[in-house]
Each structure stands twice: as structure tokens, then as C-alpha cells.
Amino acid sequence: INQGRAASVTISDSIDLIKHTVFLDLTDFSSQTKSTVCTIEFESLVDGINTLPLDLKEQTIDSVIHASGSLNYTYSNELLDIELPTTMDAGTMDQVTVYYHGTEVTDPSGFGGFYWNSGIAYNIGVAFTDWPPSYGRAWIPCFDNFVEKSMYEFQVLTEGEITPYCNGRLQSTDTIGGDTILTTWILDQEISSYLASVTASDYERIEWAFESISGDTIPVYLAAESDDIANLESNFENLETVFHAFEDWFGVYRWPRIGYCMTPVGAMEHSTNISYPPVLFGSGAAESVMAHELAHEWFGNLVTCDEPSDMWLNEGWAEFLSILAYEAISGPGEYREIMRDNHYDVLHRAHYLDDGFLTMNQLPPEMTYGEHAYNKGACMAHTLRGYIGDDLFFDAMEAFLTANEFQNASSEDLRDFLNTQPGIDVTDFFNDWIFQPGWA
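Residues numbered from 1 in each chain as written. Predicted model: local features only at pLDDT ≥ 70, side-chain atom pairs only at ≥ 80, totals over all residues. Heavy atoms only, no water.

A.B. asks: Help me understand the pairing of strand 16 (residues 198-201), please; the structure alone is not making it clear to me.
C.D. replies: The two faces of the sheet receive side chains in turn, since in a regular strand these alternate between them. The side-chain alternation of strand 16 yields two buried faces, one formed by Val198 and Ala200 and the other by Thr199 and Ser201. Two strands pair when backbone bridges link them, and strand 11 (residues 120-124) and strand 16 are joined in this way by 2 bridges, in the antiparallel orientation. What sits directly across from Tyr122, in strand 16, is Thr199. (Buried < 20%, exposed > 50% of the residue type's maximum accessible area, 1.4 Å probe, protein only. Helix = DSSP H or I, 4+ residues; strand = E, 2+ residues; numbered from the N terminus. Pairing = 2+ DSSP bridges.)

A.B. asks: What should I look at first to understand helix 3 (residues 286-295) in this one?
C.D. replies: One turn of an α-helix holds 3.6 residues; hence residues three or four places apart share an orientation. Most of helix 3 is tucked away, with 9 of its 10 residues classed as buried. For helix 3, the full list of buried residues reads Ala286, Glu287, Val289, Met290, Ala291, His292, Glu293, Leu294 and Ala295. Buried residues along helix 3 sit in contact with helix 1 (229-235), helix 2 (239-250), strand 19 (258-262), strand 20 (274-276), helix 4 (315-329) and helix 6 (371-388). (Contact = heavy atoms within 4.5 Å.)

A.B. asks: Please explain the sheet that holds strand 13 (residues 163-166) as it appears in this structure.
C.D. replies: Across a sheet, strands are paired by hydrogen bonds formed along the backbone, either parallel or antiparallel in direction. On the basis of which strands lie adjacent, the open sheet formed by 5 strands has the order 9-10-11-16-13 and antiparallel pairing. The sheet terminates laterally at strand 9 (105-106) and strand 13, the two strands that pair on one side only. Bridge count for strand 9 against strand 10 (residues 113-117) is 2 bridges, and the pairing is antiparallel. Across the sheet, the residue bridging to Val105 is Phe114, located in strand 10.

A.B. asks: Could you clarify how one ought to interpret a negative patch on the surface in this entry?
C.D. replies: The grouping of Asp28, Glu159, Glu161, Asp179, Asp202, Glu204 and Asp227 at the surface amounts to a negative patch. Note on placement: Asp179 falls in the loop between strand 14 (169-177) and strand 15 (180-192). Accessibility expressed as a relative area gives 44% for Asp179, which makes it partly exposed. (Patch = residues over 30% accessible without salt bridge, like charges linked within 9 Å, V, L, I, M, F, W, Y side chains within 5 Å. Areas by Shrake-Rupley, 256 points an atom, 1.4 Å probe, with all protein chains shown as cover. Salt bridge = Lys/Arg side-chain N within 4 Å of Asp/Glu carboxyl O. Lys, Arg positive; Asp, Glu negative; His and termini not counted. Charge placed at Lys NZ, Arg CZ, Asp CG, Glu CD.)

A.B. asks: Would you mind showing me how to read the sheet that holds strand 19 here?
C.D. replies: Pairing within the open sheet is mixed, and its 4 strands lie in the order 17-18-19-20. Taken across any chain shown, the strands that pair with only one partner, and hence form the sheet edges, are strand 17 (204-211) and strand 20. Direction aside, the axes of adjacent strands within the sheet are offset by 20° on average. The strands touched by helix 2 within the sheet are strand 17, strand 18 (217-224) and strand 19, with strand 17 carrying the most contacts at an inclination of about 40°. Sitting on the sheet, helix 3 is in contact with strand 19 and strand 20, with an inclination near 165° to strand 20. (Axes fitted to C-alpha atoms, helices over the stretch in contact; angles between N-to-C directions.)

Read these as geometric descriptors, not functional statements.
What follows is the structure, encoded as C-alpha cells:
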């Protein structure tokens, strides 16, 4: 694992990144290069802040601009360290604008980074080899940790038939001249850097609308190239069923849109703009992956684990929901059968594939996205359901998500919250199943 320098998680105790406004010029598809202008609004949380350290990987910095003029900076080992014009005290706000350009930045594993692939420009927000695994730094300056959350606005310049999709709602589409289009997407909710997303290609789009339990109508955009659009629609025929089930079980959908974009590398849960690989079409995994990525809008995107070592809170719960989805699609018998198969596989293979029996909340870096995080995590969520009982489980988990929405949580936080709910005591459960390795 590359232990390259990145802005420490502790930086988020001193500086809050409030909003990223990203202007992305993708008009040069032929040479596969992009030019970016990123304005970052931030607040000092403590006295004495005189630099802004940002994570940004393998880009060429053109300049850093402030209202007072150009700023000095150093850039090495993935750290862009900007000298602020004045020392900031707690409660003061400012903004800087970074001008930079670059081409592909991809993780050695092949998963994660910014790609130009098969006529599609897109990012995948986590890395399987590089460290930290959050990979927002592959294309935007950020605090590339899970605890820093920011609002985003994307202004994407494209030519011809290229259509960009990003997080949030479509704000505007403006013709600049000829076939050059400026498309603006805005996400008012705060997300971690790894969930920021852009995907651009000559997409066609399927548009649906789902009625939320809140009374709102949620727009649904499914984007794919023309050869994949029919397969996309047929493989996603149960998306609405799954959406309604997740809302019934875990509470109202908090985001302005549901979105999936077909990309050669995926799947990845970028909020409201999920990447999904067409290679899954027609496979047994197509529907479960669809459900898994949607599940992240509750577990992972809405409430995010504090640290990579607690990844079961993101991936294990999303995998649990991807199996639970079949209780809505096919009935409880199908859910039990799939969960039993998963449990069998975990008992026989997880310790072998992950090089040992691991605690759920202290996964080593190289196993962040391993069998324990996903498949044993799903077993643990299922077991917790049985331990508490359905009458308490779903209400308690919905209350947990509501209490921690757009924030972060640890395994200890989940335990402590559940213990505040009437009729629930999960202290022994967490001691036996989460905080020790193996099987109780």
C-alpha cells in the first residue's frame, strides 16, 4: 500500500471545507486532457490558520488565486499546501481558487481514479491499492478523508453529443456557442470527497419518477450509450420495488435524485450518480449490485464510517440491504436462501481470503474492501436483526440514520445509539461479534 502523504484526518478539526465549485473543461476528448478550476469555500474552526493543505494527485498546478491576488503554494507528494494571505481565527471564512490540468490518474489495481475509457470520461471515487482509499484527490483538491463533507457545484463544458452527469440536481444547460454546452449540477447536501462524481459521454437517458414516502417525487436518470440502453432498462426493472422497500425499512430518501451512469469500471456509489458497469447485464449479480449501490444512499453516503478500518458500516450494511432487497422482490424465502449461502461462504472463505480472522471495526488497510467488510458485514447486520427482532430493528436503524444524517459514525457510535432505544441492549452483541475476531 502506498502510504503517500495526504492531508491528515485531523485537519478537519481545524478547517471546514464548505463548498467546492468545480469548472471542468472536457472539450478536448481527442487528447484525453481536462482543465479544471476549483473554488473552495472554507471556514477556520480554530485560531491561527495560515495555510490550507489540500490533497490533489498528479496534476499540473497553473495558479492559486485569492481575492487579494495570486497566492504562494508548494505542491509535492500529493499535498498542495497554500499560503493564505492573512492568519485566520475561529469562525472566519474565506475562499481560494485552484487552476490546474491533467490527464488520467488511476489506481494500480485498475479500480479508482479518473479515466478516459471507451469514449467516456469519468471518475471512480475509491482506490483498492493506494492509501488512503478515498480517491477524490484523483481529480479535485480536497481533504481526502471520510469525515470531511462538502457541498458541490459542477460546471462542465463539453462539445458535440457529449453529455455530463454529476452529483445532485440538473441546474441548467447553456449553449456557449456552436455545439459547446455548459452543464451545471448542484448538490446542496454535504458528501465526502470520494462520493463526488462526473461522468461524460454520448449518453442516452431513461427518465423515471418514484413517489417518496415524504410526498416528494424523486427523479430517476439512467444513462447509457445507445448499445446498452435496452439492457439497462430490463436489468433495472425492480429498481422501484427496491427503492420503496428501502424507504419503508430505513426511512425517507434524503437526496434530490436517483442516478446511474454506465461506465467501463464500476460499480461505485457516488451519491445520486452511481457508476455501474454494463458487463453485469444479464448476470446473476446485475440486480444485487443495483440494489447494493442504491443501499449506500442510506449506509455510507448518508451516514459514513469514520475510518476505513470500520468499512463494514458502509459496505457490510449495503451488502445486507442488497440481500434484503429480495425479501421485497421475491419474498422472505429468497432472502433467507441468499443469506444462508452468504453465511456459508463467509464461514469457509473469509478468513482465508482476508489472511486471518479479523475484528469488524479494526480492519487492516489491505483488507478495507475485503470479505469481512462486505460479506461478513452483511452477516453481522443480519444477525443483529435477529438479535433485536424486527419489531425493534428497523425502527432503531431508521432512528440511527436520522440522528446521524450527513455525518459520520463508528461501530461504537452505532452500539451506543442502539442502547438508547427502548428495549434494546446490544453491548454483548458488539463485544461478541464486532469487537473480537472469529465467531462467538
